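What follows is each chain in one-letter form.
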Amino acid sequence: MSHVMNTYARLPVAFVRGEGCWLWDTNGRRYLDAMAGVAVCGLGHGHPRFVAALREQIGGLIHTSNLYEITLQEKLADRLAAISGMDNVFFCNSGCEANEAAIKLARLYGHSKDIEAPAIVVLEKAFHGRTIATLSATGSRKVQAGFEPLVAGFVRVPFDDLAAVKRVAENNRNVVAVLVELLQGEGGVNVCADNYLQGLREICDAQGWLLMLDEVQSGTGRTGKWFAFQHAGARPDVMTLAKGLGNGVPIGACLAAGAAAQLFKSGSHGSTFGGNPLACAAALATLAIIEDERLMENAVKIGDFIRGELAQRLAGTKGVKEIRGKGLMIGIELDYACGELVQQALERGLLINVTVDNVIRMLPPLVFTGEQAELLVATLTPLITEFLSRQNADQPAAQTA
Ligand SMILES: *Cc1c(COP(=O)(O)O)cnc(C)c1O
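Residues numbered from 1 in each chain as written. Predicted model: local features only at pLDDT ≥ 70, side-chain atom pairs only at ≥ 80, totals over all residues. Heavy atoms only, no water.

Some remarks on the site of the ligand
Formally: Near is defined per residue: the residue qualifies when any heavy atom it owns lies within 4 Å of the molecule or strand. Polar contacts here mean pairs of N or O atoms no more than 3.5 Å apart (in protein, one a potential hydrogen donor and the other a potential acceptor; neighbouring residues in sequence count only if both atoms are side-chain atoms). Working definition of accessibility: Shrake-Rupley area with a 1.4 Å probe, residue cover restricted to the visible protein chains. Numbering of helices and strands runs from the N terminus; a helix is a DSSP stretch of H or I covering at least four residues, while a strand is a stretch of E covering at least two.
Near the ligand you find Ser94, Gly95, Cys96, Asn99, Phe127, His128, Gly129, Glu181, Asp214, Val216, Gln217 and Lys243, and these make up its full shell. A distance of 3.2 Å separates a nitrogen atom of the ligand from a polar atom in the backbone of Phe127. Here the ligand has 390 Å² of accessible area as a free molecule, and 82% of this is covered by the chains. For the shell around the ligand, the leading source of residues is helix 4 (residues 95-112), giving three residues.

Description of the sheet that holds strand 6 (residues 154-157)
Keep this limit in mind: For two strands to be treated as a pair, DSSP must find no fewer than two bridges joining them. Note on method: axes are straight lines fitted to C-alpha atoms, helices fitted across the in-contact stretch only, with angles between N-to-C directions ranging 0 to 180 degrees. We call two residues contacting when some pair of their heavy atoms lies within 4.5 Å.
The strand order across the open sheet formed by seven strands is 4-12-11-10-7-5-6, and the pairing between neighbours is mixed. At either end of the open sheet lies a strand with only one pairing partner, and these are strand 4 (88-92) and strand 6. Sheet twist, expressed as the mean angle between neighbouring strand axes with direction ignored, is 20 degrees. Contacting strand 5 (119-123), strand 6 and strand 7 (175-180), helix 7 (residues 162-171) crosses the sheet at an angle of about 145 degrees to strand 6.

Brief notes about the packing of aromatic side chains
Put simply, the rule is: Pairs were defined over the aromatic rings of Phe, Tyr and Trp, the Trp ring being its six-membered one, requiring ring centres within 6.5 Å. Orientation was assigned from the angle between planes: stacked under 30 degrees, edge-to-face over 60, tilted for the rest. For the exposure calls, accessible area comes from a 1.4 Å probe over protein chains only, and a residue counts as buried if that area is under 20% of its type's maximum, exposed if over 50%, partly exposed in between. Charges are assigned to positions over rings by a cutoff of 6 Å between ring centre and Lys NZ or Arg CZ, combined with an angular limit of 35 degrees from the ring normal.
One pass over the full model with this rule turns up four aromatic pairs. Aromatic pair Phe15 and Tyr31: ring centres 5.4 Å apart, planes at 80 degrees, arrangement edge-to-face. In this pair, Phe15 sits in strand 1 (residues 15-19) while Tyr31 sits in strand 3 (residues 30-33), placing the two residues 16 residues apart along the sequence. Tyr31 sits in the buried class, given a relative accessible area of 4%. Geometrically, the ring pair formed by Phe227 and Phe229 is stacked, given 6.1 Å between the ring centres and 5 degrees between the ring planes. Residue class for Phe229 comes out buried when judged on its relative accessible area of 4%. The ring centre of Trp24 lies 4.0 Å from the NZ or CZ of Arg17, which sits over that ring. Directly above the aromatic system of Trp22 lies the positively charged group of Arg30, at a separation of 3.5 Å from the ring centroid.

What about the pairing of strand 4?
Judged by how many residues are buried, strand 4 sits mostly within the fold: four of five residues are covered. The pairing of strand 4 with strand 12 (residues 252-256) spans five bridges and is antiparallel. Following the sheet pairing, Asn88 is matched in strand 12 by Ala256.

Here we look at the environment of Leu211
Relative to the helices and strands, Leu211 resides in strand 10 (residues 210-214). Judged by relative accessible area, Leu211 falls into the buried class, the value being 0%. Each C-alpha atom, one on Leu211 and one on Asp394, is 46 Å from the other, the two residues being 183 residues apart in sequence. With residues up to four places along the chain from it excluded, the contact list for Leu211 reads Val178, Leu197, Leu200, Arg201, Cys204, Arg235, Pro236, Asp237 and Val238.

Digging into the nonpolar core
As a reminder, the rule being used: To form a nonpolar core, buried Ala, Val, Leu, Ile, Met, Phe, Trp, Tyr and Cys residues must be joined to one another through side-chain atoms within 4.5 Å.
Within the largest apolar cluster, 97 residues are counted, with the highest numbers of intra-cluster contacts made by Leu80, Trp209, Ile306, Leu334, Ile360 and Met362. A per-element tally of this core places helix 9 (residues 277-292) first, with 11 residues. Counting residues in each nonpolar core, the second largest holds 26 residues, with Leu210, Cys254, Ala260 and Leu263 among its members.

Here's the deal with the sheet that holds strand 2 (residues 22-25)
Read across the open sheet, the four strands follow the order 1-2-3-15; overall the sheet is mixed. Each edge of the sheet is formed by a strand with only one pairing partner; in this case those strands are strand 1 and strand 15 (350-351). In terms of strand pairing, strand 1 meets strand 2 through four bridges, oriented antiparallel. Across the sheet, residue Phe15 finds its bridge partner in strand 2, namely Asp25.

Here we look at unusual backbone geometry
That bond from Glu148 to Pro149 is cis: its omega, 5 degrees, falls within 30 degrees of zero. One can find Pro149 in the loop between helix 6 (141-144) and strand 6. Despite not being glycine, Asp114 has its phi angle at roughly 60 degrees, a positive value. Looking at the secondary structure, you find Asp114 in the loop between helix 4 and strand 5. Positive phi outside glycine occurs at Asp160, with the angle close to 60 degrees. With respect to the helices and strands, Asp160 occurs in the loop between strand 6 and helix 7.

What to know about the pairing of strand 7
For strand 7, the tally of buried residues reaches six of six residues, placing the bulk of the element in the interior. Bridging between strand 5 and strand 7 involves three bridges; their strand directions are parallel. Residue Ile120 lies in a different strand from strand 7, and its bridge partner there is Ala177. With four bridges joining them, strand 7 and strand 10 adopt parallel strand pairing. Considered in strand 10, the bridge of Val178 is made with Leu211.

Right, dumping it as structure tokens:
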């Protein structure tokens, strides 16, 4: 019996080594990594400049404490403020913690306006984490079931629906903020309309709400800009980051601007590990390499190529509902639950994922090459067409549904 708690249905493979976008398992077999550890290892595995930066930092200093000044934390906050236009940063260790900080900011903001039970607008299919507050904000019964009572103070509306947010504004005097992913990851690689952020900004300004973006998955270059909101030209008041920020070294960040940046006072919030020298060195190196190697440009080029090739090769295939995404967040929605494709791809040496049962999801490292993109498409498309021809034959009714 395993002594590890049973929280994941793990695939039967263990990796021992990585180089770029390739991973090797315990049998020496090689796999093309189109997941990057769920949008974490943007620089791929074993990036020489990243490894050297970490080695140097580990030899110098790993951890002190937030009881003391941390020069690298100041430096990373400066850098994040410069690339985001935000004013300041709270550092933690994961995405759910970054969102916890955002939720606490929203509640402080509400209390500062004498709202005793502040509420936050959240979206259907949202994913914000697994802590009690963030699973309450998450729009998935699967994530919440069994953990009731949920934290109060969340009002749910459909994704990409400005009219629904306006209705909440008219009917609920307790709302103080909205918390959204502009590109939902776990929820199925759902892309909002181009005017959604601008629309939210206008509602938030009119209502005096904080506009809070969860960019834990979409941030740090993945969509082709540093942050997904930068495609749309409106700035949030709060933004959360984690996954790709440290290229595998755990780090989370909650950024704030304007009034939201002044809410926490000394003692309001904290973290033992948050923003320690090792994590900050990892994030600084990650950001420098993304910029120097033009990896955001690469994400756009390779992402568009993969979506284009998939669209061409799967054109007219019954059962393919939509191919979507932005940069290197890529989703293929099928008419059928397709979890079995993950194992089939693994057997062919390719790492992919399926989310919300029927959306194939890929989150390749930002260093993915054109050749690797071609191999990905060439490996995946026959798996999809064979899977769909089996499904369509079994369930002919679904074809016309
Ligand atoms: C992964 C994810 C989280 C949770 O991050 P953890 O580091 O697992 O706590 C929160 N929000 C989004 C959008 C995510 O993709």
